[in-house]
Structures are given as structure tokens and as C-alpha cells.
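Each chain, letter by letter, is given below.
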Amino acid sequence: MEKRILTGDRPTGPLHLGHYVGSLQNRVRLQTEYDTYILIADVQALTDNFENPERLGANLLEVALDYLAVGIDPERSQIVVQSMVPELTELTIYFMNLVTVATLERNPTVKEEIKQRNFSKGVPVGFWSYPISQAADIAIFKAHLVPVGEDQLPMIEQAREIVRRFNRLYGRVLIEPRAMLGQVARLPGTDGNAKMSKSLGNCIYLGDPSETVRKRVMSMFTDPTRIHPTDPGHVEGNPVFTYHDVFNPDKAQVDDLKERYRQGTVGDVEVKQLLFEALEIFLAPIRERRAEYASKPGQVRELVIEGTRRGRAVAQATMDEVRAAMKLNYFG
Ligand code: TRP
């Protein structure tokens, strides 16, 4: 069997540079080798958007456009809408028996997210237990590889544990997945926060127009200890240089800027201007493809419907095996 990839994103807004380096880049690179399924995880997004479910539908097409814009090839990769694959819900319920409450409570990513959200009426069970449904996402596709950002590692670990437990109890049906991190596990935000994140408002989105990108870059957080351009500056941990390392293909230029920055012979404005130019070169083909697909929303819709149909067929086949292994196939 060809090896599979399954990964996904919550449709809570457009995708940004952090998504790109954390996961999208790997998906595009690996789609030629792997049978690839990409889940638009609206059911997971519902766990903290249940009061405004209409938001998810509104973002669905945007996320699909971002995928196509970065080079996800609909001939090779299937874009699947999670809520349209009800088999996932069934597997989630079976998986709930294989996880303890204590394990869920220890999940560091969920803990962090709960802190950020301060749910006014307490933490909904759906949110707190979403790692179980994410394990079902991965397992139902029998994915070998899950390209994700660093914050998702606890989810993959949880999925591995559940799969091992399932296979031990019921027989070897499921595949134990491996995570694959991006070139940069975690891209800092433009404000210097360790993570680029929509809720922190420190993002550069893949669909941002030039002027927005320019403003974001020119107001980026740099080295707070450096007051004058003649002060020796810090390159390590400076997000402007982290971005240069990732997005500027002219390594000689980056090395030269670093050297001069350390010596205090280059100003922030020049370093940022060159980063902006590098980002523009990186974003240009993405913008172009995005505009092209955006002008044909009917075609994008069809691609997502077809991807979901194929994804669901995989999920149904796995569930037949799961039910048989669990001796739940009473009627044959
Ligand atoms: N939790 C992921 C995120 O917040 C989205 C996601 C849902 C996912 N199901 C998945 C990622 C399965 C990888 C595999 O971005």
C-alpha cells in the first residue's frame, strides 16, 4: 500500500506563514510520494466556536484557497471536510474507552489553549477531549506520517498511544503514525511572541496584500536592547533574522546582514526592507495562484466535494475493519 499522509487545520481563519513553515511546505513537498489527505477540521474548530458555527463555513473556502495557493495539487492531495465524514465521530466514541481522564488532563497544548480561551462557563468536554477526535482523524486514514507544527506533538503522541492500545486489544488494524515537523518547528510572531497565532494578532497571512505585509514587517519586533543603528545587535532570537533565514534564499545577503547587525553597521530599516522584498518574492506566486482559484469558486467547491467523497470512502473502509476487529459487525 502506498504510504499515507493525514493532516489538517481548523477553519477559524486564513492560514499564515507559521502554517506554511510548520506544515504546508512539507505537505507540498511530500504529496508526490504519499497518498495525501488534508482535513479541514470544522468539527474540531466547533469545540470552541459552537456559539458561532456559521464562522466555520465562511472560512472553509478560504482555507481551501490557501491550500491550493501554496501548491497543494488536487490531483495528488484530497481536501476533506471533517463534518462530512461522520465515521470520524463513531471512531472517536470507540477511542474514548482507550484514554484516561488523567492523560487528557496532562496534554500541554490543550492546557495552554484552555488558559488562552478562558471559557466563561467552564471547559466544554468537547474541547478538552478533542485530542481523542484528532487521534480518530489520523487513525481512520491509516496515516503513516502527520506533517504538523511543534504544538501538535502531544496530539500525535496521544494518537500513537490510542492506536497501540487498540491494536493490542482488538488486533492489528490501525497504523501507528509519526509526526513530521517543519523546517522551523515554530515560527515566532511579528511581535516577538514565540508563536505566530491568529489569537495573538501577530500574523502575516498567505493572502495578505503587499501593503499589509510591508506594514507588518516594518513594525516587527527586533532586538529590544538595540536603541541606535550603531549599537551592536543580537541576531539569535531576533524574529527578523529568523524570517530572513526561512524566507530569504540569498544566503550571502543574510550572512552579510547578520555580520553588520552584530557590529552595529546596519539599521533595522534596511534589514526589514530586505526581508519585505524577500517575502514579496516568496508570496508572489502564492498570491497569483490564489487569485486564479478565487475567480473560480465553483471549481474549488467541486474539488473539495470530490476530495471529501474520496476521503469518506477511505474512512468507511477502515470502519468496516474496526467494527469487525471489535466484533461489532453483528449483521455481517
Ligand atoms: N489540531 C490541528 C490544528 O489546530 C488541526 C487538526 C485536526 C489536525 N485534525 C488533525 C492536524 C489531524 C493533524 C492531524 O491545527
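Here's a quick rundown of the structure. Here the structure is a predicted model, which means the values were calculated and not measured.

### Focus on the overall build of the protein chain
So, step 1. When helices and strands are tallied, the protein chain shows 14 helices and five strands.
So, step 2. For a compact globule of 332 residues, the expected C-alpha radius of gyration is about 20 Å, and the protein chain comes in at 22 Å, within 12% of that figure.
So, step 3. Viewed in the frame of its principal axes, the protein chain has a C-alpha envelope of about 75 × 45 × 40 Å.
So, step 4. The long-range share in the protein chain, meaning contacts at least 24 apart out of those at least 6 apart in sequence, stands at 76%.

### Points about the site of the ligand
So, step 1. Around the ligand there are 13 residues in total, and R10, Q44, Q134, D137 and Q152 lie nearest to it.
So, step 2. Contact distances for the ligand include 2.7 Å between a nitrogen atom and a side-chain N or O atom of Q44.
So, step 3. Within the contact set of the ligand, a nitrogen atom lies 2.9 Å away from a side-chain nitrogen or oxygen of Q152.
So, step 4. Contact with the protein chains removes 91% of the 370 Å² of surface that the ligand exposes when unbound.
So, step 5. In terms of residue class, the shell around the ligand is made up of five nonpolar, five polar and three charged.

### Some remarks on the nonpolar core
So, step 1. Counting 48 residues, the largest nonpolar core has L17, Y67, L206 and F247 as the members making the most contacts within it.
So, step 2. With nine residues, helix α13 (residues 268–294) is the largest single contributor of residues to this core.
So, step 3. Setting aside anything within four residues of it in sequence, one finds L206 in contact with L15, H16, L17, Y20, L24, D66, V70, L283 and I286.
So, step 4. Within the second largest apolar cluster, 35 residues are counted, among which are L104, A143, A159 and M319.

### Some words on the side chain of K258
So, step 1. The topology assignment puts K258 in helix α12 (residues 251–263).
So, step 2. Residues in contact with K258, not counting those within four places in the same chain, are V235, F241 and D245.

### Overview of the environment of R260
So, step 1. Checked against the element boundaries, R260 lands in helix α12.
So, step 2. Spatially, the C-alpha atom of R260 lies 9.7 Å from that of T230, the residues being 30 residues apart in sequence.

### So, the packing of aromatic side chains
So, step 1. As enumerated under the stated definition, the model contains 10 aromatic pairs in all.
So, step 2. Between the aromatic rings of F127 and Y130, the centroid separation amounts to 5.4 Å while the plane-to-plane angle is 75°, which identifies the pairing as edge-to-face. Residues F127 and Y130 agree in their burial class; the two are buried.
So, step 3. By way of ring pairs, the aromatic residues Y20, Y243, F247 and F282 are connected into one cluster.
So, step 4. Here the basic side chain of R10 rests over the ring of Y130, its NZ or CZ set 4.7 Å away from the ring centre.
So, step 5. In this structure, R226 packs its charged tip against the face of Y261, placed 4.0 Å from the ring centre.

### Topic: helix α9 (residues 153–170)
So, step 1. Taking 1.5 Å of rise per residue, the 18 residues of α9 would be expected to cover 26 Å, and the 26 Å separating its terminal C-alpha atoms lies within 8% of that figure.
So, step 2. For α9, the set of buried residues is M155, I156, Q158, A159, I162, V163, F166 and N167. Buried positions in α9, seen along its axis, are confined to an arc of 160° and lie on one side of it.
So, step 3. Positive phi shows up at G171, right after α9, with a value of about 110°.

What counts, and at which threshold
- Residues numbered from 1 in each chain as written.
- Predicted model: local features only at pLDDT ≥ 70, side-chain atom pairs only at ≥ 80, totals over all residues.
- Heavy atoms only, no water.
- Helix = DSSP H or I, 4+ residues; strand = E, 2+ residues; numbered from the N terminus.
- Rg over C-alpha atoms; globule rule 2.2 N^0.38 Å.
- Contact = heavy atoms within 4.5 Å.
- Near = heavy atom within 4 Å.
- Polar contact = N/O pair within 3.5 Å; in protein donor to acceptor, adjacent residues only side chain to side chain.
- Areas by Shrake-Rupley, 256 points an atom, 1.4 Å probe, with all protein chains shown as cover.
- Nonpolar A, V, L, I, M, F, W, Y, C, P; charged D, E, K, R; others polar.
- Core = buried A, V, L, I, M, F, W, Y, C linked by side-chain atoms within 4.5 Å.
- Buried < 20%, exposed > 50% of the residue type's maximum accessible area, 1.4 Å probe, protein only.
- Phe/Tyr/Trp six-rings, centres within 6.5 Å; stacked < 30°, edge-to-face > 60°.
- Lys NZ or Arg CZ within 6 Å of the ring centre and 35° of its normal.
- Expected span 1.5 Å × (residues − 1).
- Arc of directions from axis to C-beta.

Everything listed here is a matter of coordinates, which is why it stays silent on function.
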